[in-house]
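Summary of the model geometry
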Amino acid sequence: MDPSVSKISIKKQIRKNQILRFFRAHPLLSPSDIANETQLTLPMASSLTKELADEGYIVVAEVQNSKVGRPATLYQLNPTGGYTLGITLGARKSRMILLNLKEEELDFIEYASVDLNDEENTINTLSNRIDELISKNEIPRDKILGVGFAISGLVNAKSGKSLTYFKDSTSSLQELLQEKLGFEVALENNVNAVTLGEKYFGKAKETEDAGCIHLDWGIGMGLILGGELYGGHSGLAGEIGHIRVVEGGDICSCGKIGCLETVASGRGLINKAVRLLKEGRPSIIAKKYHGDFDQIVLEDLLDAVQRGDQFSLELVEEAGKYIGKSIGTLINLLNLEKVILSGKLSQMGDALLYPIRSAIMHSSLTEMKDDVDIVISDIDVRAGCLGATTLITKKIFESVNIDADLYV
Ligand SMILES: [Zn+2]
C-alpha cells in the first residue's frame, strides 16, 4: 500500500475518534459545533460526521429550525451502533454488564463464581453465559464491539496475561478468551477495573487525582493520577492493604505480618469476630449461631452493625481507625482530591466513615485533609463491570490519543 494513503487513513481515524470522544461529553452536536470545538474546518467536520453516521456510530437526533441560514442537523451517538460487555471474575461472585454505544445499561447479572483454577470449565461457562446474555437482549453478534474482563489476582493488562490463573497455558488468557468467544477481549485486574469504573461512571468523574479503595474480603486500591489510571513500574501500585499497621500482628495472606488487611478487611474482621465470640463476648451474632461461629459471614456483621450491635460497632470502629490512618498517609504522599470507598465494608456507612474521617484528621496534614473529599461509591457492585467495558470503549473513544497533525 502507498504509505501516504495509510497515513491519510490513520489521520482520518484519529479525527473521527476525537469527534466520537466529543460526543461522549456532549450528547447532541451539529457539524458546526464539532468544527468549533475540534479546530476542523466546517466541510471537514461535516464530511467526517457523515462518515461516522454511515458507519452507524452516530445518528441524526433532530433538525433544529434556525431563523437565520440553513437548519442545523444535530447528531447523537447511535445506541444500537455497537455494544460492549464488561465482566468481573471474583473469588466469590462474578458479574456481567451489557451497555449500548451510549454507555447505557441494558442488562446486569450476578452469579456464583466459577473456579478459576479449572481453566476449561471457566472458558466454557463464560462463553455460555455471554451467549445467553446476548440472545436474551436480542443483540446481533457482529454488533458486539468487545468484552472487557476484570479478574482477581495479578494481571498484566498489556500482554493480556493473568499472572495468578491460567499460568500453565502457552497462550495468554486474553488470546484463549478471544479464540473461544470470537470477540475482541481486553483484560485488567479487578481493582483497576473498579477504579476505571469510578473514573468514567462514578464519583471520580471530573477528578484528576483520586484513590479508589475497595474494602471487601480483601483491601485493594486503584489510583487515578493526573487523570489516568496509575499502575506504577510493574502495574502493581496501590497495595494499601499490605501496609504494615500492627507490629507483631497476625500473619497476612501475602506472608507478611500485621498488614492492614489482617485487621480491617472483611477477612480480618470475621477472623477477629469469631475469635472474640468464642471467648464469650456478647453479640446478636452469637445468638444467631449458637456457638457454631465458623459459619459467620460478612453479611452477618453488616446486618448487626445496622441493628446497632455494640460488639460489631466496636469491631468496625477499630477497622475504620486503621483504614483512616492508612488513607491519611496516602493523602500526605499524593495530595489527592478525592478518596472513594467501595466494597461490602463501605456499606457500613457512618459506623465506618466516622472513625475513618477521625483517623485521617490525626494522620494527615491539615492543608491536605481539608482539600480532600472522602465519599462512598454510588455505583459499587457495578463499578468493576463498568470499568471493564471502558477497556473496549477506550479503543473507540480514546486510544488514538495522538496528534493527528503528526500524520500530515
Ligand atoms: Zn499483607
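Residues numbered from 1 in each chain as written. Predicted model: local features only at pLDDT ≥ 70, side-chain atom pairs only at ≥ 80, totals over all residues. Heavy atoms only, no water.

**Overview of the overall build of the protein**
The test is simple: Note on conventions: DSSP H or I runs of at least 4 residues are helices, E runs of at least 2 residues are strands, and numbering of each starts at the N terminus. Contacts were defined at the residue level, with two residues in contact if any of their heavy atoms lie within 4.5 Å. Only four residue types enter the charge count: Lys and Arg as positive, Asp and Glu as negative, with His and the chain ends excluded. Where a charge sits is defined by one atom per residue type, namely NZ (Lys), CZ (Arg), CG (Asp) or CD (Glu).
What the protein contains, in helices and strands, is 14 helices and 14 strands. Each principal axis of the C-alpha atoms in the protein carries an extent, and together these give about 80 × 55 × 40 Å. In the protein, once contacts between residues fewer than 6 apart in sequence are set aside, the share between residues at least 24 apart is 62%. Looking at the protein, you have 44 positive and 56 negative side-chain charges, and the mean spots of the two groups are 1 Å apart.

**Here's the deal with the coordination of the zinc ion**
Where we set the bar: For Na, K and Ca the donor cutoff is 3.2 Å, while for all other metals N, O and S atoms must lie within 2.8 Å; water is not among the atoms, so some sites may look incomplete. Between 85 and 135 degrees for all angles marks four donors as tetrahedral; over 155 degrees for opposite donors together with 65 to 115 for all other angles marks four donors as square planar and six as octahedral; every other arrangement is irregular. For every residue, the accessible area obtained with a 1.4 Å probe (protein chains only) is divided by the maximum for its type, and the residue is called buried under 20%, exposed over 50%, and partly exposed between those limits.
Coordination of the zinc ion by the protein comes from His242 (ND1), Cys252 (SG), Cys254 (SG) and Cys259 (SG), over a distance range of 2.0 to 2.4 Å. Each of the 4 donor atoms bound to the zinc ion contributes to angles spanning 105 to 123°, and the resulting shape is tetrahedral. Linear spacing of the donor residues for the zinc ion on their chain is H-x9-C-x1-C-x4-C. Neither Cys252 nor Cys259 differs from the other in exposure class; each is buried.

**Points about the domain arrangement of the protein**
We count it as follows: Where each domain starts and ends comes from a domain assignment, either automatic or drawn from a database. Here the buried area means the combined drop in accessible surface, using a 1.4 Å probe, for two parts upon being joined, counting both sides. Salt bridge, as applied in this entry: a Lys or Arg side-chain nitrogen positioned within 4 Å of an Asp or Glu carboxyl oxygen. Here a polar contact is recorded for every N or O atom pair within 3.5 Å, except that within protein the pair must consist of a potential hydrogen donor and a potential acceptor, and residues adjacent in sequence are included only if both atoms are side-chain atoms. In the scheme used here, Gly and all other residues not listed as nonpolar or charged are polar, with Ala, Val, Leu, Ile, Met, Phe, Trp, Tyr, Cys and Pro taken as nonpolar and Asp, Glu, Lys and Arg as charged.
Along its sequence, the protein is organised into domain 1 (3–78), domain 2 (83–195 + 385–396) and domain 3 (207–378). Domain 2 and domain 3 are separated by 28 Å when their C-alpha centres are compared. Between domain 2 and domain 3, the contact holds 7 residues from the first and 11 residues from the second. For the pair domain 2 and domain 3, the two sides together bury roughly 790 Å², of which 66% comes from carbon and sulfur. Along the contact surface separating domain 2 from domain 3 lie 0 salt bridges. On inspection of domain 2 and its partner domain 3, the count reaches 0 residue pairs in polar contact (both at pLDDT 80 or more). If you tally residues by element for the side of domain 2 that touches domain 3, the top one is helix H6 (residues 190–201), at 4 residues. Looking at side-chain class alone, the side of domain 2 that touches domain 3 contains 3 nonpolar, 2 polar and 2 charged residues.

**Let's talk about a nonpolar patch on the surface**
The line we're drawing: Two joining distances apply to patches: 9 Å for like charges and 5 Å for nonpolar side chains (Val, Leu, Ile, Met, Phe, Trp, Tyr), and every residue must have over 30% relative accessible area and no salt bridge. Surface accessibility in these figures is a Shrake-Rupley result with a 1.4 Å probe; residues are shielded only by whichever protein chains are displayed.
Taken together, Leu154, Leu163 and Leu236 make up a surface patch of nonpolar side chains, about 250 Å² in accessible area. With respect to the secondary-structure elements, Leu154 resides in the loop between strand E6 (144–151) and strand E7 (155–156). Leu154 gets classed as partly exposed once you look at its relative accessible area, which sits at 38%.

**Thoughts on the packing of aromatic side chains**
Stated formally: Aromatic rings from Phe, Tyr and Trp, with only the six-membered ring used for Trp, were paired whenever their centres fell within 6.5 Å, and each pair was classed as stacked if the ring planes differed by under 30 degrees, edge-to-face if by over 60, and tilted otherwise. Any Lys NZ or Arg CZ that is within 6 Å of a ring centre and within 35 degrees of that ring's normal is treated as a charge sitting over the ring.
Applying the stated criterion across every chain yields a total of 0 aromatic pairs. In this structure, Arg129 is placed above the aromatic ring of Tyr111, and the distance from its NZ or CZ to the ring centre is 3.7 Å.

**Some thoughts on the sheet that holds strand E5 (residues 105–112)**
What counts is decided by this rule: Strand pairing is assigned whenever DSSP detects at least two bridges linking the two strands. Note on geometry: axes are C-alpha line fits, over the in-contact stretch for helices, and angles between N-to-C directions span 0 to 180 degrees.
With mixed pairing, 5 strands are arranged side by side in an open sheet as E5-E4-E3-E6-E9. The open sheet is flanked by E5 and strand E9 (185–189), the only strands paired with a single partner. Each strand axis lies, on average, 15° off the axis of its neighbour in the sheet, ignoring direction. Of the strands in this sheet, strand E3 (83–89), strand E4 (93–100), E5 and E6 touch helix H4 (residues 119–136), which is tilted by about 145° from E5. Packed onto the sheet, H6 meets E3, E4, E6 and E9 and runs at close to 105° relative to E9.

**Describing the environment of Cys212**
Tracing the backbone shows Cys212 in strand E10 (residues 210–215). Residue Cys212 is classed as buried on the basis of its relative accessible area of 2%. Apart from residues lying up to four places away in sequence, Cys212 is in contact with Thr195, Glu198, Gly220, Met221, Gly222 and Ile340.

**Concerning the pattern of salt bridges**
Throughout the structure, instances matching the rule amount to 18 salt bridges. When the shortest N-O distance is used, the salt bridge between Lys16 and Glu55 registers 2.6 Å. Separated by 39 residues along the polypeptide, Lys16 in helix H1 (residues 3–25) and Glu55 in the loop between helix H3 (42–54) and strand E1 (58–64) bring together distant segments of the chain. Overall, Lys16 belongs to the buried group, its relative accessible area being 4%. Among the salt bridges present, the one from Asp107 reaches Lys136, with a minimum N-O distance of 2.9 Å.

**A few points about the pairing of E9**
Within E9, 5 of the 5 residues are buried, which leaves it mostly tucked inside the rest of the structure. The two faces of E9 match: Val185, Leu187 and Asn189 on one face and Ala186 and Glu188 on the other face are all buried. Two elements, E6 and E9, share 5 bridges in a ladder whose sense is parallel. Across the sheet, Ile151 pairs through a bridge with Asn189, a residue of E9.

**Examining the sheet that holds E10**
Reading across from one edge, E12-E11-E10-E13-E14 is the order of the 5 strands in this open sheet, with mixed pairing throughout. This sheet does not close on itself; its edge strands, each paired only once, are strand E12 (228–230) and strand E14 (373–376). Neighbour to neighbour, the strand axes of the sheet diverge by 25° on average, direction disregarded. Pairing analysis gives 3 bridges linking strand E11 (residues 219–225) to E12, with the strands arranged antiparallel. Pairing of Leu223 across the sheet is with Tyr230, part of E12. The sheet strands contacting H6 are E10, E11, E12 and strand E13 (338–342), and the helix crosses E11 at an angle near 45°. Along the sheet face, helix H12 (residues 350–363) touches E10, E13 and E14 and points at about 165° away from the line of E14.

**Some remarks on the pairing of E3**
Extensive coverage of E3 is indicated by the burial of 7 of its 7 residues. By the alternation rule, side chains of E3 split into Tyr83, Leu85, Ile87 and Leu89 and Thr84, Gly86 and Thr88, which are all buried. Two strands pair when backbone bridges link them, and E3 and E4 are joined in this way by 7 bridges, in the antiparallel orientation. Directly across from Leu85, in E4, lies its bridge partner Leu98. Bridge count between E3 and E6: 7 bridges; the pairing is parallel. Residue pairing for E6: Thr88 is matched across the bridge by Ala150.

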